[in-house]
Each structure stands twice: as structure tokens, then as C-alpha cells.
Amino acid sequence: MTIELLRLHRLNVPLVRPFRTSFGTERVRDLVLVEAVSSDGSSGWGECVTMSWPGYSSEYTDGAIDVIERHLLPALRELQPGADPHDVRRALDVVRGHPMAKCALTTALLDAWLRARDQSLGSYLGATRERVDCGVSVGIPATETIGELLDEVGLYVNAGYRRIKLKIEPGWDLEPVAAVRAAWPDMPLQVDANQAYERSDAAHLAALDPFDLLLIEQPLHEEDWYGHVLLSEACSTPICLDESILSVASADSALQFGATSIINIKPGRVGGYLTAREIHDLCLERGVPVWCGGMLETGIGRAANLALAALPGFTVVGDTSASSRYYEVDVTEPFVLDDGQLPVPQGPGIGVDPIPSVLADLTVWSTELRVGSASVS
Ligand code: NPG
């Protein structure tokens, strides 16, 4: 199989409600779908999870498009005939960083490669479940009122979600957590700070301990490894790292140092599904629980995340929510919650395709790039 063309589709997809975190507010998801077109005309798909501005990480959508066109595509052209998904990952290693752009590209090629073999991504990665428990991430309400928060959480609880994650920041933490815990005493609950706190907030964060949270996610700056060790000692609630974990080596280091006891695995943040699986394997071997984080993906990224979240080490409920939590109209057939779970797609590759008319409606820009000699077989 030869990949002849890459098509980049930039989509602007309105969110059903603004999503506010400690680093900003997202109203429209500005994302890129990478389509890898094979010599037989079939396509593989990958979603680039960058945001339009570098608030969550240093990557952003214009930058991802640029690095794909200017640096990753030429690296792909160096592939030898017969290259497999591991060769593709290695070929892109000549570019430092840019894991989200790499993930989008490697997933599109992996999807094409698996479709040609009639194998699903779940089976390729080693999935052991056909359905995945789903949690939901709840942003900071626009009005910053407890009433609005409880209304939104109530919608999700009634829809059947099995775990609630609350976004927190200084000034929006103890009170909302206490209110949600009081309203739903038995609901699995966790919080995510997206690096908003300082080491000196340790005693304040330890005040979350009585609320029986599953974890506190990424309280400190992503490079503050020692700070997370100190917090792990100060809080009885487990600390979980997200932004700090970019590779197998950083996962290993964080665990060895005691900076984290649970890991949020996001394929985009670590450069793709092969590395995501390797981090999973390392954690499984060490008895460290992992869960699959979300980046407000459309059905394309969600399908692939569900395949990953079906691996045996994913014992903590993740962010793989239903399409309706994010979008009125998804790019693929919608993923619909059933008893708090979503099905793992069983078809070849990621198992879903964009709906052409929806893709056309949501596309704000696209380009076609000739790959030339890259052959993946
Ligand atoms: O359900 O996809 C989802 C969103 C989960 O909270 C979520 N994601 O910091 O983990 C995060 C946050 C995020 C979303 C980060 C979009 C960056 C972009």
C-alpha cells in the first residue's frame, strides 16, 4: 500500500456550551483532520487535538498545520517500501516535539494500514473490552455559580455518566467540590487544575482530602516534578499527571520519583497510539492505574480513544463522553451513551468515517499534499 496524498481538513465545530478551564474558554473546536489517501483510493483518518491557541500546551492548530507541511511530510517521504507503523513513528522522530501533529499523522497512516489488513485498532492495540465506562469533564460555569454547576452535573448524572471530573482553579475549588459531593455522595469524583496552583498551595489542596476524590489532576506546572512529589506527600488524595507526561521516559520518571500515582494517557499529548500503548504497558506492569483523557475530540478521535481505553490497564473511568456532550452534530455517526458506556468500534482501523456532507459543512480550510514515495505496507 502506498500513501499517495495527505489531505488536511480544518474544521470549526461549535460546542454545545462553552468549555472553561483554568487556561481559557473554548467555544468552537478548531481542529484538523488528517486524511491519508492510499493508492487504491481508500482513506485513513487521524484527528489533531491542538487548540487554536497554545494554552494547554505549546502546540496550536496553525503551528500543527505548519509543522506537518514543512517538516513531517518531508520526513514521511524518507520511508522505505514496506514500512510499518513503528517505522512511521521513527521517521517522524527527526522532528523534536509536536506530539499532537505527529499523533494525527501517524494515526491516519495507522488507520489506512489497519484497514488494508481488515484489522480493528482495538484488536491491534490489545483491547480486552467491547464497551468502555464513560466519565464527563465539567468546565467552570460561565456564571461562576454553584447553582449552574449543579444543574450541569445533574444533567450528566441523569444521562448515566459513571464519573464526574470538575475543572478547578484558585477561587473555584473547595466550594464547588463540597457542593457536588454533598449532592451526589457516592458519585466517583475527581478534579483537574491544568497547572493552576503553586507549591505553596499544598495545604489548601490537602483541604480537598475529606471529599473522597479519585485524584487531583495536574495541580502544578508541567515541569515541576519535585513540586508534585511534595504535593503527593501533603495530600492523601492521589496526584495524577497529565501535561507532564509526554513519553514513556517521563511516565517512568514520574512514577520512580513518586510525582504521580495515576496517569492520564492522551494519545495526542504523547505523540500517538503506539506510545500511548507503551505507557499503558509500563503502568500495567507496575500496577499503576491509567485512564484515557479527552481533548474535546470529534467522532474520529473519540473512536480511536475508545479502542485505547478498552485495554486492560485502563481501570479508571476516562473522558470518553458521548458526542452529544460536545457537539450538536458530530463529524461521524454520533457516539451515544448506553448505560454509562460507549461501544468500542469493531470495524477495520478506527472503525468510523466522517460523514461527507457534515465534513463539507464544517470545513473552513483544506489542502492536499502529495506524499510521493512514502510506502507503508
Ligand atoms: O471530554 O474531551 C473531553 C474534555 C476533557 O477536560 C478535558 N480535557 O485538560 O484534560 C484537559 C481538557 C482539555 C480539553 C485540554 C481540550 C485541552 C483541550
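Residues numbered from 1 in each chain as written. Predicted model: local features only at pLDDT ≥ 70, side-chain atom pairs only at ≥ 80, totals over all residues. Heavy atoms only, no water.

Spelled out, the test is: UniProt positions are given in the numbering used here, feature names are shortened, and annotations may be inferred rather than shown by experiment.
As named in an unreviewed UniProt entry, the chain is o-succinylbenzoate synthase, taken from freshwater metagenome. Its UniProt record gives the chain the following Cofactor (unreviewed entry) comment, quoted word for word: "a divalent metal cation".

## Some remarks on the overall build of the chain
Spelled out, the test is: A run of DSSP states H or I qualifies as a helix once it reaches four residues; a run of E qualifies as a strand once it reaches two. Both are numbered from the N-terminal end. A radius of gyration in this sense is built from C-alpha atoms; the matching globule rule multiplies 2.2 Å by the number of residues raised to 0.38. Under the scheme applied here, a residue whose accessible area is under 20% of the maximum for its type counts as buried, over 50% as exposed, and between as partly exposed, the area being computed with a 1.4 Å probe on protein chains only. Residue-level accessible areas treat just the shown protein chains as cover; the underlying method is Shrake-Rupley with a 1.4 Å probe. Here Asp and Glu are counted as negative and Lys and Arg as positive; His is not counted, and neither are the chain ends. By convention, the point assigned to a charge is CZ for Arg, NZ for Lys, CD for Glu and CG for Asp.
Looking only at helices and strands, the chain has 13 helices and 13 strands in total. The C-alpha radius of gyration computed for the chain amounts to 20 Å, which stays within 12% of the reference 21 Å derived for 377 residues, consistent with globular compactness. Taken along the three principal axes of its C-alpha coordinates, the chain extends 60 × 40 × 35 Å. Of all 377 residues assigned to the chain, the portion counted as buried reaches 59%. Total accessible area computed for the chain in this model is approximately 14,200 Å², and 51% of it derives from carbon and sulfur atoms. Separation of charge centres in the chain, based on 29 positive and 52 negative side chains, amounts to 3 Å.

## Brief notes about the packing of aromatic side chains
Stated precisely, the cut-off is as follows: Within 6.5 Å between ring centres, the rings of Phe, Tyr and Trp (the latter by its six-membered ring) count as paired, and their orientation is classed by plane angle as stacked under 30 degrees, edge-to-face over 60, tilted in between. A ring has a charge above it when a Lys NZ or an Arg CZ is no more than 6 Å from the ring centre and no more than 35 degrees off the ring normal.
For the structure shown, the criterion picks out five aromatic pairs. Geometrically, the ring pair formed by Trp 113 and Tyr 124 is edge-to-face, given 5.6 Å between the ring centres and 70 degrees between the ring planes. Within this pair, whereas Trp 113 is found in helix H3 (residues 99-117), its partner Tyr 124 is found in helix H4 (residues 121-125), the two being separated by 11 residues in sequence. Note on Trp 113: relative accessible area 10%, which makes it buried. The exposure class of Tyr 124 is buried, given its relative accessible area of 15%. Its guanidinium or amino end placed over the ring of Trp 291, Arg 163 lies 5.2 Å from that ring's centre, counting from NZ or CZ.

## Some words on the sheet that holds strand S10 (residues 262-265)
To keep it simple, the criterion reads: Strands are labelled as partners when DSSP assigns at least two bridges between them.
Read across the sheet, seven strands follow the order S5-S6-S7-S8-S9-S10-S11 without closing on themselves; strand pairing throughout is parallel. At either end of the open sheet lies a strand with only one pairing partner, and these are strand S5 (135-138) and strand S11 (290-292). Pairing analysis gives four bridges linking strand S6 (residues 163-167) to strand S7 (residues 189-192), with the strands arranged parallel. Bridging from a neighbouring strand, Lys 165 pairs with Gln 190 of S7.

## Considerations on the packing of helix H2 (residues 85-92) against helix H11 (residues 273-286)
The condition that has to hold: Lines are fitted to the C-alpha atoms to define the axes, a helix being fitted only along its stretch in contact, and any angle between axes, read from their N-to-C directions, falls within 0 to 180 degrees. Each angle is binned into one of four classes, with values under 35 degrees roughly parallel, values over 145 roughly antiparallel, values of 65 to 115 roughly perpendicular, and all other values oblique. Note on definitions: a residue-residue contact is assigned when non-hydrogen atoms from the two residues lie within 4.5 Å. In this count, Pro and Cys sit with the nonpolar residues alongside Ala, Val, Leu, Ile, Met, Phe, Trp and Tyr, while Asp, Glu, Lys and Arg are called charged and the others, Gly among them, polar.
For the pair H2 and H11, the least separation of the axes is 10 Å and the interaxial angle reads 100 degrees. Relative to H11, H2 is oriented roughly perpendicular. For the pair H2 and H11, the contacting residues are Pro 85, His 86 and Arg 89 in the first and Leu 274, Thr 275, Arg 277 and Glu 278 in the second. Per-class residue counts for the contact of H2 with H11 are two nonpolar, two polar and three charged.

## Focus on H11
Cut-off, in case you're wondering: One less than the number of residues in a helix, times 1.5 Å, gives the span that helix is expected to have.
End to end, H11 covers 20 Å across 14 residues, agreeing with the expected 20 Å (1.5 Å per residue, within 8%). Looking only at H11, the buried set comprises Tyr 273, Leu 274, Thr 275, Ala 276, Arg 277, Ile 279, His 280, Leu 282 and Cys 283. Gly 287 occupies a position one or two residues after H11 and carries a positive phi of about 70 degrees.

## With respect to the environment of Ser 261
With respect to the element layout, Ser 261 can be found in the loop between helix H9 (248-257) and S10. The class for Ser 261 is partly exposed, based on a relative accessible area of 36%. Between the alpha carbons of Ser 261 and Ser 232 there is a distance of 8.5 Å; along the sequence they are 29 residues apart. Excluding residues within four positions of it along the chain, Ser 261 makes contact with Pro 238, Ile 239, Val 288 and Pro 289.

## Side note on the nonpolar core
Our working rule: For our purposes a nonpolar core is just a set of buried Ala, Val, Leu, Ile, Met, Phe, Trp, Tyr and Cys residues, chained together by side-chain atoms within 4.5 Å.
Counting residues in hydrophobic clusters, the biggest one holds 92 residues, and the most contacted among them are Leu 121, Val 153, Ile 164, Leu 166, Leu 208, Ile 263 and Leu 308. When residues of this core are assigned to their parent elements, the largest contribution, seven residues, is made by helix H12 (residues 299-309). Among all residues touching Leu 308, those that are not within four sequence positions of it are Leu 125, Ile 265, Pro 267, Tyr 273, Ala 276, Arg 277, Cys 292 and Phe 314. Val 49, Tyr 56, Ile 65 and Ile 68 belong to the second-largest nonpolar core, a separate cluster that totals 34 residues.

## Points about the UniProt feature "domain: Mandelate racemase/muconate lactonizing enzyme C-terminal" (unreviewed entry) in the chain
Those places that UniProt annotates as "domain: Mandelate racemase/muconate lactonizing enzyme C-terminal" (unreviewed entry) correspond, in this numbering, to residues 146-238. Along residues 146-238, the helical share is 42% and the strand share 12%, with 25 Å between the first and last C-alpha atoms.

## A closer look at the sheet that holds strand S1 (residues 3-21)
Within the open sheet, the four strands sit side by side as S3-S2-S1-S13. Their pairing is antiparallel. The open sheet is flanked by strand S3 (43-48) and strand S13 (363-370), the only strands paired with a single partner. Within this sheet the neighbouring strands show an average axis-to-axis angle of 20 degrees, counted without direction. Here strand S2 (residues 24-38) pairs with S3 via six bridges, running antiparallel. Across the sheet, Ala 36 pairs through a bridge with Gly 44, a residue of S3. Where helix H1 (residues 61-76) meets the sheet, its contacts fall on S1, S2, S3 and S13, and the angle it forms with S1 comes to roughly 155 degrees.

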